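Geometric and topological summary
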Amino acid sequence: MARKDSKLTLAQKEQRTAYRLLIPALVILAAVAFYPLFEVFYTSFTNRVFASGTDEAPDFIGIENYKSLLGLTIQEMPPVIDTETGQPQTDASGKAVYERAVRVLPRTPVRYREWFQFSFFGKRYVVGARDPEFMKAIWNTLVFTVVSVFLETILGLGVALVVNSNFKGRGVMRATMLVPWAVITVVSARIWEWMLQPTRAGLFNMVLNRLGLGDGSLSFLSSPALQMPTLIAVDVWKTTPFMALLLLAGLQLIPRELYEAGRVDGASKFRQFFSITLPLLKPTLAVALIFRTLDALRAFDVFQVLMGNRMYSMATYNYYQLIGNRNMGLASAIGVIIFIFIAVFAVIYMRFMGVDKE
Amino acid sequence: MRKLLLTLMVVLVALVAFSQIVLTVAAGAVGQELELTKQAAEAYMSIHPDITVKVLDTPDMVQDRLGLYLQFLEAKSPEIDVYQVDVIWPGDLAQHFIDFYEYNADKVVSMHFPAIVENNTVDGKLVAIPWFTDAGLLYYRTDLLEKYGLKPPTTWDELENAAKIIQEGERKTNPDFWGFVWQGNAYEGLTCDALEWLASNDAGTIISPDKKITIANANAIEILEKVAGWIGTISPSGVLTFAEEDARAVWQTGNAAFMRNWPYCYSLSKGPDSNVAGKFDVSPLPAGKSGNGAATLGGWQLSVSKYSKNPKEAADLALFMAGYEIQKLRAVEGSMNPTIQALYADYEVIKANPFFGSLFDVFINAVARPSTATAPRYNEVSTLFFKAVHRILSGTSDAQNVLEELALDLQDITGFEIVWGF
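Remember, predicted model here, so these are calculated numbers, not experimental data.

**Some details on the overall build of chain B**
Counting its regular elements, chain B contains 19 helices and 14 strands. Here the C-alpha radius of gyration of chain B, 23 Å, is about what a compact globule of 422 residues would show, namely 22 Å. For chain B, the proportion of its 422 residues judged to be buried stands at 51%. Long-range pairs, those at least 24 residues apart, make up 73% of the contacts in chain B between residues at least 6 apart in sequence.

Dropping the structure here:
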């Protein structure tokens, strides 16, 4: 052994030591990250039942869970033919009447349910999904992520620029700015729920009604047109401070001299922002965007508290399948799909923003 | 001397060991529930000084509470000894609970309503002891009916009409006034409310006791479309986010003419901080096509976890809490319907809740949700049902499509035959 070692160069020896020192970290990582992850992957291929109360092993069912979550079909909807005239029926406004989607979509060997309909070249089609609620959950999550992260970045950058400048009470400002982010989401979502009440007992209905908007009974949390904007507003309120904090750290890394040089060269504030601030902020911005995007993709608390069973994100749909329906196998498959979504977004960001090169 | 010391030490050790029995009860917190459960726990502790009873506050929404329980049960956690269990759960959760017959329940079981005992018996085991029962009631404002010269409604049409008249009149002075409030959020409570609409309109009970899917029928479409028409007219559009306590909040501030709710609201509505005290009464829910109103059977039981470290003591506690004295206390203080028949003849109980006597028929004829026929998948069935109803009520989908889809979905889950009614 000693002989073998002596043949190694110093660098190789150090490398070996380094590997040995890494072992504890790897073991811990394997125990707390890889093992649970593997469990979820494995469970997603079974029909395991949550809290079944028995010790029987669940059956291995291959990719059946994934098929039942992601299965899609498109069917043309035939117009309803009037039995008397032999002509296609029309409704009162002269639009063609089509066969109902539930009759058009296949029922065997597996059932497809209506997701949405669209018209194309004068024909009517219906898109059926084996699990339209999961499809809607994916769509909701993506809309929520893109819009809320976009707004948070713009507003966060604005806030960061303000608190980065010199003014009296800057320290206090920086501390108070963080309050929304520091409050536990479940708690703040409850507070929002109170303010968003559908009667004038709720703050928003009261204020809007005084301003002559709405009838004092706007239902922010159940009317389809208001649900998503409300969720996004709550999330923007909550997470803009976090964005601002990250960006503030980035702003403080930019050397003052660059701005001085810029001023000497006669660059306007506007020019300084786009030629100095923004390029130098890019790495921080990328990290902040990744954090927020990945966080938003697995949004749970805001959706769960404010929407319950009325509207799902991917994570709350997962919870509903696991706890409500006790489908642990299916819920694990949803977990894996969320994981894949997050991985895809992470890779896109890294490529696009060039994070790995920095 | 040494002997004495030794004995003392033994006694002391024994005392410490005994005093270490801690029992945790997972209980509801709707209205005065939590407070009354804590009172019962204290009463038990004063009789059994060696036992400490802790009361754990659980979520108001039935779905959320089930979720919490399942997490404890999946982990086989001994942390909770006694669970407050909904009338629809014994079939779903039976395998996690002890059999009360093994802990002397046979002596008390005959006091309770036989129907509830039967509901709580799974494969001959009494997995839950009845605690209180519930049935949907119509709360109405006696002062406003009198003011507008109306009678308590006996049909949905009459209710709709009365609600419109009163709302129109009251809006002149109170812009926040609504005709009728109920539970429209997408949760188990909507299943209860919707079952009442269906049953009162000859539209069945979603899945019949002989395991046939009966939800896809014309009477169901008719009544659900009627209810959808209430939203934004006699009921606030926000009713689609209301659970029991949200409806009570509107009612108790005096901002509603009618409310559908459970009996627990009775004692709170006549309480000192209520704006409707002395101005309201309760009646059976209105009728639809069938000519008879229907009330959904609700109610809660107590179960002891198989994973409890002290099942004997926990069972004793559960039987005490479901016993005569505590049920009487809860009936008098909280207007919660006893499951012990003799209490309906108790003077103090009837004095506090005259409707226990006058509406006795409503309570014993309440319509059960199809939990027995669909066990252990009732929760899944109910969730599909209330989501379907919620979609119809929010006006995003056509009732016939939704019910047809629902029937097929229910068939996927249960494998039962569908009886098409349109």
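**Let's talk about the overall build of chain A**
Across its full length, chain A carries 15 helices and three strands. Here the C-alpha atoms of chain A give a radius of gyration of 27 Å, more than 25% beyond the 21 Å that 2.2 N^0.38 yields for 358 residues. Counting all 358 residues of chain A, 29% fall into the buried class. At a minimum sequence separation of 6, the contacts of chain A that also span at least 24 residues come to 58%.

**Remarks on the packing of helix H9 (residues 218–230) of chain B against helix H18 (residues 378–393) of chain B**
All names here are of chain B. The geometry of H9 relative to H18 is characterised by a closest axis approach of 8 Å and an angle of 55° between their N-to-C directions. Classified by the interaxial angle, the pair formed by H9 and H18 is oblique. In contact with Leu-224, Val-227 and Ala-228 of H9, H18 contributes Val-389, Ile-392 and Leu-393.

**What to know about unusual backbone geometry**
Put simply, Thr108(A) and Pro109(A) share a cis peptide bond, and its omega is -5°. Relative to the helices and strands, Pro109(A) resides in the loop between helix H4 (101–104) and strand S2 (113–120). Between Ala375(B) and the following residue, Pro376(B), the backbone shows a cis peptide bond with an omega angle of 5°. Even without being a glycine, Lys76(B) presents a positive backbone phi close to 50°. Looking at the secondary structure, you find Lys76(B) in the loop between helix H3 (62–74) and strand S3 (82–86). Residue Asp123(B) is not a glycine yet carries a positive backbone phi of 50°. In this fold, Asp123(B) is placed in the loop between strand S4 (121–122) and strand S5 (125–126).

**Quick word on the nonpolar core**
By size, the foremost hydrophobic cluster in this structure holds 183 residues, and its most contacted members are Leu306(A), Tyr139(B), Phe180(B), Val181(B), Phe258(B) and Ala318(B). Both of domain 1 (72–129) and domain 2 (133–353) of chain A provide at least three residues apiece to this core. When near neighbours in sequence (up to four residues on either side) are disregarded, Val181(B) contacts Ser235(B), Val239(B), Phe242(B), Ala247(B), Val250(B), Trp251(B), Ala256(B) and Met259(B).

**Focus: the environment of Ala175(A)**
When you line up the elements, Ala175(A) lands in helix H6 (residues 170–177). On the basis of neighbour counts, which here come to 10 C-beta atoms within 10 Å, the residue Ala175(A) falls in the exposed class.

**Here's the deal with the domain arrangement of chain A**
What the domain assignment lists for chain A is domain 1 (72–129) and domain 2 (133–353). Domain 1 of chain A and domain 2 of chain A are separated by 39 Å when their C-alpha centres are compared.

**As for the interface of chain B and chain A**
Tallying the contact residues gives 30 residues for chain B and 26 residues for chain A. Secondary structure elements with two or more residues in the side of chain B that touches chain A: H3, H18 and helix H19 (399–414) of chain B. Looking at the side of chain B that touches chain A residue by residue, the class counts come to nine nonpolar, 14 polar and seven charged.

**A short note on the pairing of strand S6 (residues 129–135) of chain B**
Looking down a regular strand, the side chains alternate between one sheet face and the other. All names here are of chain B. Across the seven residues of S6, seven count as buried, placing the element largely inside the fold. Direction of pairing for S6 relative to strand S12 (residues 297–304): antiparallel, over a ladder of six bridges. Looking at the pairing, Asp-134 lines up with Gly-298 of S12. Pairing geometry for S6 and strand S13 (residues 337–338), over two bridges, is antiparallel. Bridging across to S13, Phe-132 finds its partner in Pro-338.

**Examining helix H10 (residues 224–252) of chain A**
Here H10(A) contains 29 residues, and its C-alpha end-to-end distance of 43 Å stays within 8% of the 42 Å for a straight helix at 1.5 Å per residue. At Thr239(A), H10(A) is deflected by roughly 40°, the largest bend along its length, and proline Pro241(A) occurs up to four residues later in sequence.

**Re the sheet that holds strand S2 (residues 51–57) of chain B**
Residues and elements named next belong to chain B. Strands sit in the order S2-S1-S3-S12-S6-S13 across an open sheet of six strands; the sheet is mixed. A single partner strand is all that each edge strand has here, and the edge strands are S2 and S13. In terms of strand pairing, S3 meets S12 through five bridges, oriented antiparallel. When the sheet's bridge partners are listed, Gln-84 is paired in S12 with Leu-302.

**Notes on the sheet that holds S2(A)**
As a general point, the strands of a sheet are linked pairwise by backbone hydrogen bonds and lie either parallel or antiparallel. Residue and element names in this part refer to chain A. Across the sheet, which stays open at both edges, the three strands sit in the order S1-S3-S2 with antiparallel pairing between neighbours. Both outer strands of the open sheet, strand S1 (72–76) and S2, are each paired with one neighbouring strand and no more. Put simply, the sheet's adjacent strands are angled 25° from each other on average, direction ignored. Sheet topology places S1 next to strand S3 (residues 123–129); five bridges connect them, and they run antiparallel. Residue Thr-73 lies in a different strand from S3, and its bridge partner there is Gly-128.

**Quick notes on the environment of Leu66(B)**
Residues and elements named next belong to chain B. If you trace the backbone, Leu-66 turns up in helix H3. Of the residues examined, Leu-66 has 25 C-beta atoms within 10 Å and is grouped as buried. Once the C-alpha coordinates of Leu-66 and Leu-384 are considered, the two residues, 318 residues apart in sequence, prove to be 16 Å apart.

**Things to note about the packing of helix H12 (residues 269–297) of chain A against helix H15 (residues 328–353) of chain A**
All names here are of chain A. In contact at an axis separation of 10 Å, H12 and H15 are set at 165° when each is read in the N-to-C sense. Between H12 and H15, the angle is such that the two are roughly antiparallel. Between H12 and H15 lies a crossing of right-handed hand. The residues of H15 that touch H12, namely those facing Lys-282, Ala-286, Leu-289, Ile-290, Thr-293, Leu-294 and Leu-297, are Ile-338, Phe-341, Ile-342, Phe-345, Ala-346, Tyr-349 and Met-353.

**A few points about the pairing of S12(B)**
Most of S12(B) sits out of view: eight of its eight residues are buried. Every second residue of S12(B) is oriented toward a common face, with Leu297(B), Gly299(B), Gln301(B) and Ser303(B) on one face and Gly298(B), Trp300(B), Leu302(B) and Val304(B) on the other, all of them buried.

**Quick word on helix H8 (residues 185–195) of chain A**
All names here are of chain A. The set of residues buried in H8 consists of Thr-185, Ser-188, Ala-189 and Trp-192. For H8, the buried positions fall inside an angular range of 105° around the axis, keeping them on one side. Summarising the geometry of H8, the exposed residues directed more than 90 degrees from the buried face are Val-186, Val-187 and Trp-194. Residues of H8 that are buried sit in contact with helix H7 (179–182), H10 and helix H13 (301–307).

Conventions adopted
- Residues numbered from 1 in each chain as written.
- Chains lettered and ligands numbered in written order.
- Predicted model: local features only at pLDDT ≥ 70, side-chain atom pairs only at ≥ 80, totals over all residues.
- Helix = DSSP H or I, 4+ residues; strand = E, 2+ residues; numbered from the N terminus.
- Rg over C-alpha atoms; globule rule 2.2 N^0.38 Å.
- Buried ≥ 20, exposed ≤ 12 C-beta atoms within 10 Å, placed from the backbone.
- Contact = placed C-beta atoms within 7 Å.
- Axes fitted to C-alpha atoms, helices over the stretch in contact; angles between N-to-C directions.
- Parallel < 35°, antiparallel > 145°, perpendicular 65-115°, else oblique.
- Core = buried A, V, L, I, M, F, W, Y, C linked by C-beta atoms within 7 Å.
- Domains from an automatic or database assignment.
- Nonpolar A, V, L, I, M, F, W, Y, C, P; charged D, E, K, R; others polar.
- Pairing = 2+ DSSP bridges.
- Expected span 1.5 Å × (residues − 1).
- Bend = angle between axes of the 7 residues up to and from the residue.
- Left-handed = near helix turned anticlockwise from the far one by under 90°.
- Arc of directions from axis to C-beta.

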